[in-house]
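Breakdown of the fold
Here are the chains, one letter per residue:
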Amino acid sequence: MMMDLAADRQLKIGDLARITGLSIKTIRYYESRGLLEKPPRTEGGYRLYGPEEVARLRFVQRAKLLGLTLEEIRELVALAAKCNEGEIVPRLEEVLDAKLEETERKLAELAAFRQNLLYYRTRASALSEGVLPTDRYCEDVSFCGCLDAVIGEGGEKL
């Protein structure tokens, strides 16, 4: 019987889902993507999981929270399964460095986006309060130009 081969594997997929907070569908998906090894089954066909799969799924969850792709996670899981810190730690550092660089780039883009929002929000307030004349925004075309940049005499935005 398969249960004898895996005495420490006593969890069915529903139990694993409850413990990890993942859905059964997600666990099966991770299995199909190679993040989990195919588990042994009972004579009745039930998958049986143990502490190794719980630990592996928790690793996957933490890696996802760090923004790693499933492919990056699959690679790290494969290295971790070998218990070879000489390979996984340097690779983990590379992946995390790349994520940090990507995050810094995105933060810069968001800061610029925020500045644009603030600029146009201030401009819209000035228009609604009558500080800026509204007739000059629709004079050349029939469509509203309220989101156009107004350039001052010195070339600066107004």
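Residues numbered from 1 in each chain as written. Predicted model: local features only at pLDDT ≥ 70, side-chain atom pairs only at ≥ 80, totals over all residues. Heavy atoms only, no water.

1. A few points about a nonpolar patch on the surface
On the surface, L107, L110, F113 and L117 cluster together into a nonpolar patch covering about 420 Å² of accessible area. On the secondary structure map, L107 appears in helix α6 (residues 85-128). (Patch = residues over 30% accessible without salt bridge, like charges linked within 9 Å, V, L, I, M, F, W, Y side chains within 5 Å. Areas by Shrake-Rupley, 256 points an atom, 1.4 Å probe, with all protein chains shown as cover. Salt bridge = Lys/Arg side-chain N within 4 Å of Asp/Glu carboxyl O. Helix = DSSP H or I, 4+ residues; strand = E, 2+ residues; numbered from the N terminus.)

2. Looking at helix α2 (residues 13-20)
By the burial criterion, the buried members of α2 are I13, L16, A17 and T20. Within α2, the buried residues cover an arc of 100 degrees as seen down the axis, which keeps them to one side. Buried positions along α2 lie against α3 (24-32) and α4 (51-65). (Buried < 20%, exposed > 50% of the residue type's maximum accessible area, 1.4 Å probe, protein only. Arc of directions from axis to C-beta. Contact = heavy atoms within 4.5 Å.)

3. Here we look at helix α5 (residues 70-81)
With 12 residues, α5 should cover 16 Å at 1.5 Å per step; its first-to-last C-alpha distance of 16 Å lies within 8% of that length. Among the residues of α5, L70, E72, I73, L76, V77 and L79 are the ones counted as buried. In the stretch just after α5, C83 is the one whose phi turns positive, near 55 degrees. (Expected span 1.5 Å × (residues − 1).)

4. Considering the side chain of R56
Assignment of secondary structure puts R56 in helix α4. Residues contacting R56, with those up to four places away along its chain left out, are L35, L36, E37, V77 and A81.

5. Thoughts on the pattern of salt bridges
Under the criterion given, the structure shown has 11 salt bridges. Across the pair K38 and E31 runs a salt bridge whose closest N-O atoms are separated by 4.0 Å. Judged by relative accessible area, K38 falls into the exposed class, the value being 62%. Measuring nitrogen to oxygen at the nearest pair gives 2.7 Å for the salt bridge that ties E75 to R91. Here R91 lies in helix α6 and E75 lies in helix α5, a separation of 16 residues in the sequence. A single network of salt bridges, built from pairs that share partners, joins E72, K99, E102 and K106.

6. Observations regarding the packing of aromatic side chains
Overall, the coordinates contain two aromatic pairs when judged by the stated rule. Seen from their ring centres, Y119 and Y120 are 4.8 Å apart, and the 80 degrees between their planes marks the pair as edge-to-face. Here Y119 falls in the buried class, since its relative accessible area comes to 18%. Positioned above the aromatic ring of Y46, the side-chain terminus of K12 is 4.4 Å from the ring centre. (Phe/Tyr/Trp six-rings, centres within 6.5 Å; stacked < 30°, edge-to-face > 60°. Lys NZ or Arg CZ within 6 Å of the ring centre and 35° of its normal.)

7. So, the confidence of the model for the protein
The predicted model of the protein averages 83 in pLDDT, with 77% of residues at 70 or higher. Least confident of the elements in the protein is helix α1 (residues 2-5), whose mean pLDDT is 40; most confident is α3, at 96. Contacts for the low-pLDDT stretch residues 1-6, under 50 throughout, to residues beyond four places or in other chains number seven contacts. (pLDDT = per-residue confidence, 0-100.)

8. Some details on the nonpolar core
Within the largest apolar cluster, 21 residues are counted, with the highest numbers of intra-cluster contacts made by I27, Y30, L35, L57 and I73. Mapped onto this core, the elements with two or more residues apiece are α2, α3, α4, α5 and α6. Among the elements that take part in this core, α5 stands out by supplying five residues, more than any other. Apart from residues no more than four positions distant in its own chain, L35 is found in contact with Y30, R56, V60, L70, I73, R74 and V77. (Core = buried A, V, L, I, M, F, W, Y, C linked by side-chain atoms within 4.5 Å.)

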